[in-house]
Amino acid sequence: MTTKKPLRSQAWFARKDKMGFYYRSWLKNRGFPQDQFDGRPVIGICNTWSELTPCNSHFRTLAEHVRWGILDAGGFPLEFPVMSLGETMLRPTAMLYRNLASMDVEESIRANPLDGVVLMMGCDKTTPALLMGAASVDLPTIGISGGPMLRGFYRGKAIGSGTNTISMSEQLRSGQITLDDFYEAEASMHRSQGHCMTMGTASTMASMVEALGVGMPGNAAIPAVDARRALLAREAGRRIVEMVKQDIALSQILTREAFENAIRVNGGIGGSTNAVVHLIAMARRIGVDLSLDDWDRLGRDVPCLVDLMPSGRFLMEDFFEAGGLPVVLRELAEQGLLHKDAVTVNGRTIWENNKDVECWNREVIHPFDQPFKPNGGIAVLRGNLAPNGAIIKPSAASPHLMNHTGRAVVFESIEDLHGRINDDALDIDETCIMVLKNCGPKGYPGMAEVGNMPLPPKILKKGITDMIRISDARMSGTAYGTVVLHTAPEAATGGPLALVQNRDLITLDVAARSLHLHVEAEELDRRRGAWTPPQVHSERGYVKLYVDHVLQADDGVDFDFLVGKSGSAVPRDNH
Ligand code: FES
């Protein structure tokens, strides 16, 4: 078997000394014969299977399809586990551990005799964690998403992960449904393996994998339990062996053009705001200096083409049956909005992969000239309240609130919010602007998905479902509303958000990309002088490392010492 350059795995397996004995013999105990060490590409299957990550619970089976594909092509598959991040279970928030998991991935790949890697990703943070870690090594890499669940179905109606969880919990709080209704819906919503089936963060990131070209065509939307997901996995297994032989490193796929394509596709699908921090962090690992300004510039004119929850009606299974992401890619490319010649992992360009696809349901995927919503991109706001930026997803916001001035109602922490939000004596009405502090990267710590604050029951009872909410937190990709997020610098570091007081006036003007606090600079200086930082409990261990080194939202919430890559050079011997 010939390759362009010596495989790095041969630094382990070609040795004819004591160390070669170690490296080969301990694998022979599993039945791998001598010819497995003859210079064939060794492919790592990086698996985030865990019973604590329900969205990835089928990954043992999916990994077997990858393994067969690798064997088909003459490679040597070796599966290994990495830290798995289950969005629903991990406390205080899975985002606290994204960078930790990325370190696990990076070091596991580099330290082992691998020539290429297939990343098994599904639940929200598993995708950026694995891609960030792999980017810092830069071997030939393919990403495989686990696929979305089938449609949720409850009393004759489709219901979506997260989106209907939020709406039904609001209905429960306002007395519109009973606890028994609530319990029944729990069992009806998540009725198959897979990740959330709305266009939430997991589906957005699976779409980013396909748009970046690091996943196989069709990666975004094939349901987890559809046989075509297994076929995709097998094809990916075959292809990664070829990529190693052709020496196609991840950095040849994850170019600036690829990230620009992904940002535009995020607009086309009305994707999650979480993609902003994840793509910035991934890009800066591989050496692409992506910024918030890129998000605003590239997403500004991209209409949302898909009628999917949380902004619309349908679910990922409908999206798949309508043609899936390839249709969106074709529509955007035809309008000149994609770099058509961006290379993807299957060896073809993004245009070659998608130019001939058809749409089977125009209710689900709209044509470009009749979009579902005129603006699907992420708007980046700046002003004296967010000097380093804040973001809003216009397609999930209420049009009548996009230019609004209101009185601030301030919550100093998530505990403060929970303690007062249900109090009918709270001085608030629907014209007010809710402000939540100390939920950013350092303040929470972990930048939890609490930015879409629940509305006060007395306002819900009026039938009002949206108000402007501003915070330094993130928001679940399955959520919706006029919600300003990722305000930077965050309150816990003394950003202007920390200085907002009850009854201050704030103006949100999305068209002008402005977020303004109507308080004179002298008064803000006076408040800054009196400000004391909140106590963050991080005396030891990983949380201390996190708080000491995490960057702000506009820099992707990575660790300062993880930005960039160390490459794939073979580490020194252990004897
Ligand atoms: Fe895993 Fe939504 S909880 S993707």
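For the structure itself, consult the block above.
Here goes a summary of the coordinates provided. (Residues numbered from 1 in each chain as written. Predicted model: local features only at pLDDT ≥ 70, side-chain atom pairs only at ≥ 80, totals over all residues. Heavy atoms only, no water.)

**Description of the overall build of the protein**
- A count of helical and extended segments in the protein gives 20 helices and 14 strands.
- Taking 2.2 N^0.38 as the reference for a compact globule, 575 residues should give roughly 25 Å; the C-alpha atoms of the protein span a radius of gyration of 24 Å, in line with that estimate.
- Overall, the protein is about 75 × 55 × 50 Å in size when its C-alpha atoms are taken along their principal axes.
- Carbon and sulfur atoms provide 51% of the accessible area of the protein, an area that totals close to 21500 Å². (Helix = DSSP H or I, 4+ residues; strand = E, 2+ residues; numbered from the N terminus. Rg over C-alpha atoms; globule rule 2.2 N^0.38 Å. Areas by Shrake-Rupley, 256 points an atom, 1.4 Å probe, with all protein chains shown as cover.)

**Brief notes about helix α9 (residues 227-246)**
- Here α9 contains 20 residues, and its C-alpha end-to-end distance of 29 Å stays within 8% of the 28 Å for a straight helix at 1.5 Å per residue.
- When we look at burial in α9, the residues that qualify are Arg 229, Ala 230, Leu 232, Ala 233, Ala 236, Gly 237, Arg 239, Ile 240, Val 241, Met 243 and Val 244.
- Looking at the buried side of α9, the elements it contacts are β1 (42-47), α3 (59-72), β3 (116-121) and β4 (141-145).
- Taking the backbone nitrogen of Arg 228 as reference, a side-chain oxygen 2.8 Å away marks Asp 226 as the first, capping residue of α9.
- Looking one or two places after α9, you find Asp 247, whose phi comes out positive at around 55°. (Expected span 1.5 Å × (residues − 1). Buried < 20%, exposed > 50% of the residue type's maximum accessible area, 1.4 Å probe, protein only. Contact = heavy atoms within 4.5 Å. Polar contact = N/O pair within 3.5 Å; in protein donor to acceptor, adjacent residues only side chain to side chain.)

**Side note on the pattern of salt bridges**
- Inspection of every chain in the model, using the stated rule, returns 51 salt bridges.
- With a closest N to O distance of 3.0 Å, Glu 87 and Lys 125 form a salt bridge. Taken together, the residues Glu 87 in the loop between β2 (76-81) and α4 (98-111) and Lys 125 in the loop between β3 and α5 (126-135) connect sequence positions 38 residues apart.
- According to the relative accessible area criterion, Lys 125 is buried, its value standing at 0%.
- Salt bridges sharing partners connect three or more residues here, namely Glu 87, Asp 124, Lys 125, Glu 449 and Arg 474. (Salt bridge = Lys/Arg side-chain N within 4 Å of Asp/Glu carboxyl O.)

**A short note on the state of the cysteines**
- Scanning all chains against the criterion turns up zero disulfides.
- This cysteine, Cys 304, is not joined by any disulfide, and Cys 359 carries the nearest cysteine sulfur, 14 Å off.
- Judged by its relative accessible area of 1%, Cys 304 falls in the buried class.
- Take Cys 432: it sits in no disulfide, and the sulfur closest to it among the cysteines is that of Cys 439, at 19 Å.
- With a relative accessible area of 1%, Cys 432 lands in the buried category. (Disulfide = S-S within 2.5 Å.)

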